[in-house]
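Residue strings, one per chain:
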Amino acid sequence: MSGIIGRTMASKRISALNKFLMGSRVFASRTYSSTAKEMTVRDALNSALDEEMSADPKVFVMGEEVGEYQGAYKITKGLLDKYGPERVLDTPITEAGFTGIGVGAAYYGLKPVIEFMTFNFSMQAIDHIINSAAKANYMAAGQISVPIVFRGPNGAAAGVGAQHSQCYAAWYSSCPGLKVLAPYSSEDARGLLKAAIRDPDPVVFLENELLYGESFPVSAEALDSSFSLPIGKAKAKREGKDVSITAFSKMVGYALQAAEILAKEGISAEVINLRSIRPLDRPAINASVRKTNRLVTVEEGFPQHGIGAEICASVVEESFEYLDAPVERITGADVPMPYAANLERLAVPQVEDIVRSAKRACYRSSN
């Protein structure tokens, strides 16, 4: 956390939080509407938070700089002015502290949205996420529900070094009791965050810092305040018949670029946007493999015990007889993230890596 300056140390919010946790409610009218055909991921997340806070007074946001600074990445822009300091709470720099408070609030029926400035900092709070949130419902024989969302940027950004570039998809998706989501597009971000906030279980919501400013088409349906996406369902972003490519978050865009290149060489690639890491949409993945007979998995995380490894196991268990080639796994390098830009590029998957692996799976030259 060292090196990040200018955070709001608003300890005066603690008294407001205590009042809120004692039952204070602030109601607000729904105001968000838009006819735009394109939306950035940042605005999609902001609008989802706004609408859910407007619809349900039990929803509140808590984290470092979420209020007066309007969010380190401006995801919470405008929310403090609209909902006040009892529902948009700036905290001291103590992930373990405010995460624990958030889990306790969820025990009592509130719906906290906890923002980590980066998911690397969630390691400070992992005991509360795993032991206090994920396991509570089971240990209480279903008597305790923990409707909490842990959200923030995950994975590699650019030039931030090894301690700020880890992908936590595999870490958190290995834990029963958690749901783990990783949006790619603006529609993903908007629909999945709404679903996460409404869900009765703890949800880890993994965003990507480099996607915040990217714009994507958004359907009229997705702009409706009632819109949400089902948790546990993948989406075919591109139909194909020769090879299946699974990806999530930023790697979906790389997979789509690779599919365009492959199409020019006569290879029809199907791109599956996983969206939900836990639960994983195994039926959709296996259905795609049974159609194309080949599989390439793509992720930024480390290779050992990764999401691609789990997908490979699922396909071997359920669709082995359909495979016409070995499964190709593309991951980040098995090293801490380098700081130097040239080495950083070598440490994360690139479009050409996906093209090369897909061609190899199709027994085509990879030169």
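Here the residue numbers are simple positions, counted from 1 along each chain's written sequence. Owing to the predicted nature of the model, reporting of local features is limited to residues with pLDDT of at least 70; listing and counting of side-chain atom pairs is limited to 80 or more, with chain, interface and lining totals taken over all residues. In computing side-chain values, all of the structure's heavy atoms are included and hydrogens and water are not.

Observations regarding the sheet that holds strand β12 (residues 276-278)
- Within the open sheet, the seven strands sit side by side as β3-β2-β4-β5-β7-β6-β12. Their pairing is mixed. The sheet is open, and its two edges are formed by β3 (88-90) and β12, each paired on a single side. Averaged over all pairs of adjacent strands, the angle between their axes in this sheet comes to 20°, without regard to strand direction.
- Think of it this way: DSSP has to see at least two bridges between two strands before they count as a pair. Runs of E in the DSSP output that reach at least two residues are strands. Runs of H or I that reach at least four are helices, and both are numbered from the N terminus. Two elements, strand β2 (residues 59-63) and strand β4 (residues 111-115), share five bridges in a ladder whose sense is parallel. Its bridge partner being in β4, M62 is matched across the sheet by I114. Working convention: axes come from line fits to C-alpha atoms, limited for helices to the stretch in contact. Angles between N-to-C directions cover 0 to 180 degrees.

Some thoughts on the packing of aromatic side chains
- Within 6.5 Å between ring centres, the rings of Phe, Tyr and Trp (the latter by its six-membered ring) count as paired, and their orientation is classed by plane angle as stacked under 30 degrees, edge-to-face over 60, tilted in between. Using the criterion set out here, one finds eight aromatic pairs in the structure.
- When the centroid spacing of 6.3 Å and the interplanar angle of 35° are considered together, the rings of F98 and F116 count as tilted. Of this pair, F98 sits in helix α4 (residues 95-107) while F116 sits in the loop between β4 and α5 (126-134); the two residues are 18 residues apart in sequence, bridging distant segments of the chain. The burial state of F98 is the same as that of F116; both residues are buried. Only protein chains enter the area calculation, which uses a 1.4 Å probe; residues under 20% of their type maximum are buried, those over 50% are exposed, and those in between are partly exposed.

Examining the pattern of salt bridges
- Basic side-chain nitrogens of Lys or Arg form a salt bridge, by our definition, when they fall within 4 Å of a carboxyl oxygen of Asp or Glu. If you walk through the whole model with that rule in mind, you get 20 salt bridges.
- Across the pair D201 and K179 runs a salt bridge, and its minimum N-O distance is 3.3 Å. You can see D201 sitting in the loop between α8 (186-198) and β7 (203-207) and its partner K179 sitting in strand β6 (residues 179-181), a full 22 residues away along the chain.
- Here E270 and K291 are joined by a salt bridge, their closest N and O atoms 2.4 Å apart. In this pair, E270 is assigned in strand β11 (residues 269-273) and K291 in helix α11 (residues 282-292), connecting sequence segments 21 residues apart.
- Through salt bridges with shared partners, a single network forms among E51, E52, R190, K194 and R198.

A closer look at the sheet that holds strand β10 (residues 243-247)
- The strand order across the open sheet formed by five strands is β9-β11-β10-β13-β14, and the pairing between neighbours is mixed. For this open sheet the edge positions go to β9 (235-238) and β14 (328-330), each flanked by a neighbour on one side alone. Geometrically, the sheet is characterised by an average inter-axis angle of 25° between neighbouring strands, direction not taken into account.
- Here, two residues are considered to be in contact whenever any of their heavy atoms come within 4.5 Å of each other. Running at roughly 170° to β11, helix α10 (residues 250-264) makes contact with β9, β10, β11 and β13 (295-298) of the sheet.
- Sheet strands in contact with helix α14 (residues 351-361) are β10, β13 and β14, and its direction is about 175° off that of β14.

Considering unusual backbone geometry
- With an omega of 0°, the peptide bond between R278 and P279 qualifies as cis.
- Structurally, the position occupied by P279 is in the loop between β12 and α11.
- Positioned with a positive phi, Q70 is a non-glycine residue whose angle comes to about 70°.
- Structurally, Q70 is set in the loop between β2 and α3 (79-83).
- For H305, which is not glycine, the phi torsion reads 60° and is therefore positive.
- Counting through the fold element by element, H305 comes out in the loop between β13 and α12 (307-319).

Let's talk about the environment of G84
- Relative to the elements of secondary structure, G84 occurs in the loop between α3 and β3.
- The sequence separation of G84 and G67 amounts to 17 residues, and the corresponding C-alpha distance is 8.8 Å.

Some thoughts on the layout of surface pockets
- Definitions used for this entry: grid spacing 1 Å over protein atoms alone; cavity, a set of points where a 1.4 Å probe fits but cannot get out; pocket, an open set with protein on both sides within 12 Å along at least 5 of 7 lines; lining residue, one with an atom within 4 Å of a point. Grid points are joined across faces, edges and corners, and a volume is the space filled by probe spheres set on the points. Taken as a whole, the largest pocket encloses approximately 220 Å³ of empty space.
- Counting residues per element, the ones that place at least two in the lining of the largest pocket are α7 (169-173), β12 and α12.

Quick notes on the side chain of S357
- Tracing the backbone through its elements, the reader meets S357 in helix α14.
- Residues within four places of S357 in sequence aside, it is in contact with V296, E328 and I330.

Brief notes about the environment of A258
- Along the chain, A258 turns up in helix α10.
- C-alpha of A258 to C-alpha of V351: the two residues are 93 residues apart in sequence and 5.5 Å apart in space.
- Apart from residues lying up to four places away in sequence, A258 is in contact with V351, I354 and V355.

Here we look at the environment of A134
- Mapped onto the fold, A134 is located in helix α5.
- The exposure class assigned to A134 is buried, which follows from its relative accessible area of 6%.
- For the pair formed by A134 and V146, sequence separation is twelve residues and the distance between their alpha carbons is 8.0 Å.
- Beyond its immediate sequence surroundings of up to four residues, A134 is in contact with I129, C175, P176, G177, L178 and P202.

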